[in-house]
Amino acid sequence: MYSQIRKLSILLLSLMWISSAAPTGALEAIPVEVFAGGHTQNVQLVGQIGGGSWAVAVQGSYAYLGAGPRLLVLDITNPAQPQLSGQTAVLPGIVQDMALAGSYAYLADGAGGLRIIDVSIPSAPIEVGFFDATADARGVAVSGSYAYLVAGATTLFIVDVSNPASPAQVGMYDAPGYAEEVAVAGSYAYLAVGSNGLRVINIANPSAPSLAGSLDTPDYAISLALGGGYAYIADLSSGLRIIDVSNPAAPNESGFYNTPWYAEGVALGGSYAYVTDGEDGLRVINVSNPASPSETGFLDTPEYAYNLALVGSFAYIADANSLRVVDISNPSTPSETGFFGSLGIAHGLAQSGNHAYVADFGGLHIIDSADPDALSESAFVRSPGSALGVALGGGYAYLADGYSGLRVVDVSNPSSPQDVGACDTPGYARDVAVNGDFAYVADRDSGLRIINVSNKGSPVEAGFFDTPGSADGVATAGSYAYIADGNSLRIINISNPSTPSEIGFIDIPYWAYDVALAGNYAYIAAGDSGLRIINIASPTVPAEVGFLDTSGDAQGLSLSGSYIYLADGEDGLRVIDVSNPAAPAEAGFYQTAGYAYNSYPGGSFIYLADGDGGLAIFSFQPYQVFLPAAPDGYTQP
């Protein structure tokens, strides 16, 4: 199930995201009302911006980029300066792949199945039809009157799209493995089927497709391109595999080139295969002799290169949180010409006044949220590590920046932030809390690090306590720091920052990711065991008093009044009434498109860092029920 593996591996892959170029394109969000198809009760979506970029296509003067649960249309008349022309409303899932045909874009939209978008007016792309695949749609191709959609663990759907407003299934084929992408040539559909390699399907009769041939690849076939009687497969850790499919019934490997990272996407141009290779950007492979391919050139991209499209002398790369435009007129020396950047995979979150501060692995994005249904990016500061957590205090933002430790950013002017100071920690900084002149960093590899930030330009470590587990979350109150530390909550006396000491702990049934405090209670986001509530009236003997086992993977939480706002991984936002800590009860929820990592209450809204779903903003109205959204979207009452 690579779609699930990819979501969970985003964090692991991001540990090594250390780059310098900063996207500056500001993404503005059109008004939204609901994640179409999202299930909700007592919670309403009022705004959304950004998200992971996994898919790109180009036609004419426009590039089409997936950005979380939206399709963006970018004017590339000047490739050096792509400009946003328009974007769709929020879609039910995360855009995974797309195909263009005529005036329509066909999207493999994850949980949203196949979405058909009329792009005849670039400034106003609009959905006109959909096909519910009842599974995670991963890849799509269009040929003639049919769309070929791979979705779920095994299925190729053949969908009649002669009437885009009313697509209808005409056939299907179950292929063993996890189908990731599809390409069509003549009477055959070619599937990249994960650990089962290549499957060739005879589609001469669309209502009765049948297996024509197959060939296993060494690793995990995730993408493919066709040309000259060959299938070129991006096979993750085994790189580019070149398969002779001149006889579709008996495909056989001609040659391969093992790229340095993970081969994610492939496109063909002339005698070259262009491979997006994750951490190692774009690799240009000479395939003039398919039996002996060789690398001609390469270009590292700032983030994680997933997919690409070629037009003329340019490659357009979906690079996790941006579109990178690369000049490939000389394949031996590809060079970046332009880019369009935006908020990507939202992880850490804080809010103050009219701005939300979002850590998205690549750095700090400052989002103007004065009008939640028309969000826009005010500024971005790239960090050298992997920005995961953020805290605010006195006009400064403090970033937990992975292997780069703590970063201090002056945000007194949100439209012009300045990186002013840093203090490295021994391991991987995951979270941060600020109290007075000290920043308290949860460092996964070395526990609690206490940083004196009285001099913002030169923060220095004052003390530390190496907890026994993996420090993922931190909160402070009075003389104590509370650490979400692997399978436990650790309580550290910080009255003397130079000599912190543990005074109590309690084991947690699952992994403790985050902690929030109120009065005599600590609230723990505990992964698969949901919310755990700990009485800390006596810090030396903390005791669990209540819990609520949610359906998702509790990653982060925040507290306002008597409600916990729980970021519950794949199950989005859960609102939990904790007025009686011994009997917490769910009071509302919203099934988001992404993977919820963190939440933050701000004014009358709830801010959610929704992973590859970007930043989402909600209102919560207790005891007012919103019906599940219809698959094609609607306006809630």
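So, a few notes on the structure that sits alongside this text. (Residues numbered from 1 in each chain as written. Predicted model: local features only at pLDDT ≥ 70, side-chain atom pairs only at ≥ 80, totals over all residues. Heavy atoms only, no water.)

### Brief notes about the overall build of the chain
Of the regular secondary structure elements, the chain holds 1 helix and 56 strands. Expected size for 637 residues packed as a compact globule is a radius of gyration near 26 Å; at 25 Å, the chain falls within 12% of this value. Along the longest, intermediate and shortest principal axes, the C-alpha atoms of the chain span 75 × 50 × 40 Å. Here the chain holds 637 residues, and 61% of them are scored as buried. Summed over all atoms, the accessible surface of the chain reaches about 20,400 Å², with 48% contributed by carbon and sulfur. Separation between the mean location of the 18 positive side-chain charges and that of the 60 negative ones in the chain comes to 4 Å. (Helix = DSSP H or I, 4+ residues; strand = E, 2+ residues; numbered from the N terminus. Rg over C-alpha atoms; globule rule 2.2 N^0.38 Å. Buried < 20%, exposed > 50% of the residue type's maximum accessible area, 1.4 Å probe, protein only. Areas by Shrake-Rupley, 256 points an atom, 1.4 Å probe, with all protein chains shown as cover. Lys, Arg positive; Asp, Glu negative; His and termini not counted. Charge placed at Lys NZ, Arg CZ, Asp CG, Glu CD.)

### With respect to the pattern of salt bridges
Side chains bearing opposite charge may pair, as long as their charged atoms lie close to each other. Going through the model one piece at a time under the given rule, you end up with 14 salt bridges. With a closest N to O distance of 2.8 Å, Asp472 and Arg444 form a salt bridge. Here Asp472 is found in strand 43 (residues 471-477), whereas its partner Arg444 is found in the loop between strand 40 (438-443) and strand 41 (447-452), with 28 residues between them in sequence. Members of the salt-bridge network, linked through shared partners, are Arg430, Arg444 and Asp472. (Salt bridge = Lys/Arg side-chain N within 4 Å of Asp/Glu carboxyl O.)

### Structural notes on the sheet that holds strand 14 (residues 168-174)
The antiparallel open sheet is built from 4 strands, whose spatial order is 11-12-13-14. Each end of this open sheet is capped by a strand with a single partner; those strands are strand 11 (137-143) and strand 14. Across the sheet, the mean angle from the axis of one strand to that of its neighbour is 20°, orientation sign disregarded. Pairing of strand 11 with strand 12 (residues 146-151), which is carried by 6 bridges, proceeds in the antiparallel orientation. Residue pairing for strand 12: Ala137 is matched across the bridge by Ala151. (Pairing = 2+ DSSP bridges. Axes fitted to C-alpha atoms, helices over the stretch in contact; angles between N-to-C directions.)

### Looking at the sheet that holds strand 28 (residues 314-318)
Spatially, 27-28-29-30 is the arrangement adopted by the 4 strands of the open sheet, whose pairing is antiparallel. With partners counted over all chains shown, the strands left at the sheet margins are strand 27 (307-311) and strand 30 (335-341), one partner each. Averaged over all neighbouring strand pairs, the angle between strand axes comes to 20°, with direction disregarded. Pairing of strand 27 with strand 28 involves 5 bridges; the strand directions are antiparallel. Counterpart to Leu310 in the pairing with strand 28 is Ala315.

### Notes on unusual backbone geometry
The phi torsion at Leu236 lies on the positive side, around 45°, for a residue other than glycine. By the element assignment, Leu236 lies in the loop between strand 20 (230-234) and strand 21 (240-244). You can call Leu236 buried: its relative accessible area is 8%. Residue Phe361 is not a glycine yet carries a positive backbone phi of 70°. Within the secondary structure, Phe361 is located in strand 33 (residues 361-368). For Phe361, a relative accessible area of 0% puts it in the buried group.

### So, the side chain of Asn321
Checked against the element boundaries, Asn321 lands in the loop between strand 28 and strand 29 (322-327). Contact partners of Asn321, with chain neighbours within four places excluded, come to Ser53, Glu303, Gly341, Ser342, Leu343, Gly344, Asp360 and His365. (Contact = heavy atoms within 4.5 Å.)

### Re the pairing of strand 31 (residues 348-352)
With 4 of 5 residues buried, strand 31 is to be regarded as a mostly interior element. As paired strands, strand 31 and strand 32 (residues 355-359) are joined by 5 bridges and run antiparallel to one another. The residue of strand 32 that forms the bridge with Gln351 is Ala356. Count of turn residues in the strand 31/strand 32 antiparallel hairpin: 2 residues, of which Gly353 carries a positive phi of about 60°.

### Things to note about the side chain of Ser470
Along the chain, Ser470 falls in the loop between strand 42 (460-465) and strand 43. Apart from residues no more than four positions distant in its own chain, Ser470 is found in contact with Arg444, Ala484, Asp485, Gly486 and Trp511.

### Some remarks on the environment of Pro125
Examined against the element boundaries, Pro125 turns out to sit in the loop between strand 9 (114-118) and strand 10 (126-131). Taking the C-alpha atoms as reference, Pro125 lies 27 Å from Val170; in sequence the two are 45 residues apart. With sequence-adjacent residues up to four places away left out, Pro125 is seen in contact with Val73, Gly86, Gln87, Thr88, Ile117, Asp118 and Val119.

### Structural notes on the environment of Asp373
Along the chain, Asp373 falls in the loop between strand 33 and strand 34 (376-387). For Asp373 and Gln59, which are 314 residues apart along the polypeptide, the C-alpha to C-alpha distance reads 30 Å.

### Things to note about the packing of aromatic side chains
A ring pair, where both rings are aromatic, is described by two values, the distance of the centres and the angle of the planes. For the coordinates displayed, the defined rule picks out 14 aromatic pairs. Between Tyr104 and Tyr106, the ring centres sit 6.4 Å apart and the planes meet at 55°, which makes this aromatic pair tilted. Judged by relative accessible area, Tyr104 falls into the partly exposed class, the value being 24%. Cluster of aromatic residues (ring-pair linked, three or more members): Trp54, Tyr304 and Tyr306. Positioned over the ring face of Tyr396 is Lys456, at 5.2 Å from the centre of the ring. Over the face of the ring belonging to Phe505 we find Arg490, whose NZ or CZ atom lies 4.2 Å from the ring centre. (Phe/Tyr/Trp six-rings, centres within 6.5 Å; stacked < 30°, edge-to-face > 60°. Lys NZ or Arg CZ within 6 Å of the ring centre and 35° of its normal.)

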